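# Residue-level structural notes
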Amino acid sequence: MPPVKNNHHNRRQLIKGALALGAAPLLTALPQSLSLHAAAPKLGPSFPMIIRFELGDFEITNILDTIAMRDGPYPIIGENASEAEVQALMKENLLPETRWQPGFTPTLINTGQELILFDTGNGDAGSVKRPNGGLLLSQLEAAGYKAADIDIVIITHGHGDHISGLLEGGKPAFPNARYIFGEREYDFWTTAEMNTDRLKGGAAKFKKMTEPLKEKITFISPGMQVLTGIEPVEAFGHTPGHLAFHIESNGQKLLLWADCAHHHVASLARPDWHIKFDVDKEEGVKTRKKIFDMAATEKLPVIGFHMPFPSVGFVEKRHDQGYRWIKHSYQLK
Ligand SMILES: [Zn+2]
């Protein structure tokens, strides 16, 4: 392609020359096409919040619910390591050492029969307030759906960033949906004795968000076929009943691992590093290793709720230690 000739520069020089000569009348006489115009306004950073791809006969849409930056990853990740070690790993990966932007990514699967939503984000009652969080409903419309279109909501676990979007203004946000919860998870948040303030707060929130939906909830356990092509996988530790899901359509497979990882570098490279939000930290470690190993060995595409948007990728087992997240580019086109 031949280089484009830059007339702009020549115009500027012509005008500058005219001004230097004190020739204001000449300026007003310039033809319209040569007149100066206002600089384009800055519009601020932008980033994609919706991605849609096909998996067999399923159509999968990931929607970014929350865009907040936060302090970290230490000590949310690596409490049992040291701040210096976590920061060194960030530096090595060209990431800020003390700031972090996790993904918060609910997933919508259109099976051809049903429209299924996995997790509901921060809603209007989550810890990250609008306009930085709780964006699922507005982005759902941008993605071409209405809240009333959702047939089934599946909840991977009971933390606030996954359940706070169940209600909007105290009413069901997805008025035509039925709900699927892991039985063990539901029992934990509604009946177990909570021994920390964090868990007590979590349980109160869980009860408040799920009470109005009670009649429309069905319960599942790992290994059950929930719907054709959707099967829960035991991923306990982050919470007592935390579930991942095998998704399969027409011979194509994907693993939706919910909160098995919170940071795309730190959680994968150092699965031994504790996650502050894991209810059972050592079980969380075991589950991470099991799930990462499965994803790497079977070369499964993965959706990870807290992976950076589009929150789709693959896992590589590293020769030295740990694993590596390979962000999706065009493998699933
Ligand atoms: Zn989460």
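Described below are features of the structure shown in this document. (Residues numbered from 1 in each chain as written. Predicted model: local features only at pLDDT ≥ 70, side-chain atom pairs only at ≥ 80, totals over all residues.)

## What to know about helix H3 (residues 83-92)
To be explicit about the condition: Partly exposed residues are those falling between the two cut-offs: more than 12 but fewer than 20 other C-beta atoms within 10 Å of their own, whereas 20 or more means buried and 12 or fewer means exposed, with C-beta atoms placed from the backbone. Elements are defined by DSSP. Helices are runs of H or I of four residues or more, strands are runs of E of two residues or more, and each kind is numbered from the N terminus. Our arc is simply the arc of the directions from the helix axis toward the C-beta atoms. Whether two residues are in contact depends on their C-beta atoms, placed from the backbone: they are in contact if these lie within 7 Å.
Every buried residue belonging to H3 is among Val86, Leu89 and Met90, and all of these are buried. Looking down the long axis of H3, one finds its buried residues gathered within 100 degrees of arc, a one-sided arrangement. For H3, the exposed residues set more than 90 degrees away from the buried face come down to Ala84, Lys91 and Glu92. Residues of H3 that are buried make contact with helix H8 (266-269).

## Digging into the nonpolar core
Definition in use: Think of a nonpolar core as buried Ala, Val, Leu, Ile, Met, Phe, Trp, Tyr and Cys residues, each tied to the set through C-beta atoms within 7 Å.
Grouped together as the largest cluster of nonpolar side chains are 71 residues, with contacts concentrated most on Val153, Ala235, Ala244, Leu256, Trp257 and Ala258. Residue contributions to this core peak at five residues, all from strand S14 (residues 252-258). Among all residues touching Ala258, those that are not within four sequence positions of it are Thr156, His157, Ala235, His242, Leu243, Ala244 and Phe305.

## Some words on the sheet that holds strand S16 (residues 312-317)
To keep things clear, this is the line we draw: One bridge is not enough; two strands pair if DSSP finds at least two bridges between them. Lines fitted to the C-alpha atoms define the axes, with helices restricted to the stretch that makes contact. Angles between their N-to-C directions range from 0 to 180 degrees.
As summarised here, the arrangement of the six strands in space is S12-S13-S14-S15-S16-S17, forming an open sheet in which the pairing is mixed. Each edge of the open sheet carries a strand with a single partner, namely strand S12 (230-234) and strand S17 (323-327). Recorded for the sheet is a direction-independent mean angle of 35 degrees between the axes of neighbouring strands. Pairing geometry for S16 and S17, over five bridges, is antiparallel. Bridge pairing in S17 places Glu316 opposite Arg324.

## Notes on the environment of Lys216
For Lys216, the position within the fold is in the loop between helix H7 (197-210) and strand S11 (217-220). Separated by 37 residues in the primary sequence, Lys216 and Tyr179 place their C-alpha atoms 5.9 Å from one another. With sequence-adjacent residues up to four places away left out, Lys216 is seen in contact with Arg178 and Tyr179.

## Points about the sheet that holds strand S1 (residues 50-55)
A sheet is described by the order of its strands in space; here seven strands give the open sequence S1-S2-S5-S6-S7-S10-S11, paired in mixed fashion. Each edge of the open sheet carries a strand with a single partner, namely S1 and S11. Each strand of the sheet is rotated relative to its neighbour by a mean of 20 degrees, with strand direction disregarded. Sheet analysis places strand S2 (residues 58-63) next to strand S5 (residues 107-110), joined by four bridges and oriented antiparallel. Note on S5: the bridge partner recorded for Asn62 is Thr107. Its contacts with the sheet put helix H6 (residues 183-191) on strand S10 (178-182) and S11, and the angle it makes with S10 is roughly 85 degrees.

## Some points on unusual backbone geometry
Trans peptide bonds make up most of the peptide bonds, and negative phi angles are found at most residues other than glycine. In this chain, Tyr74 is followed by Pro75 through a cis amide linkage whose omega measures 0 degrees. Summarising the element assignment, Pro75 is placed in the loop between strand S3 (70-71) and H3. Residue Pro131 follows Arg130 across a cis peptide bond; omega there is 15 degrees. Tracing the chain through its elements places Pro131 in the loop between strand S6 (115-118) and helix H4 (136-142). A positive phi angle, close to 60 degrees, is found at Leu94, a residue other than glycine. Mapped onto the elements, Leu94 comes out in the loop between H3 and strand S4 (99-100). Using a count of 7 C-beta atoms within 10 Å as the deciding quantity, one classes Leu94 as exposed. Even without being a glycine, Ser311 presents a positive backbone phi close to 65 degrees. Look at Ser311 and you get buried, because 25 C-beta atoms sit within 10 Å.

## Brief notes about the pairing of strand S13 (residues 243-249)
For S13, a buried count of five out of seven residues is recorded, marking the element as mostly surrounded by other parts of the structure. Two strands pair when backbone bridges link them, and S12 and S13 are joined in this way by five bridges, in the antiparallel orientation. By the bridge assignment, Glu234 is partnered in S13 with Leu243. As paired elements, S13 and S14 share five bridges and run antiparallel to each other. The partner of Phe245 across the bridge, within S14, is Leu256. With antiparallel pairing between neighbouring strands as the criterion, S13 and S14 make up a hairpin whose turn holds two residues, including Asn250 at a positive phi of roughly 50 degrees.

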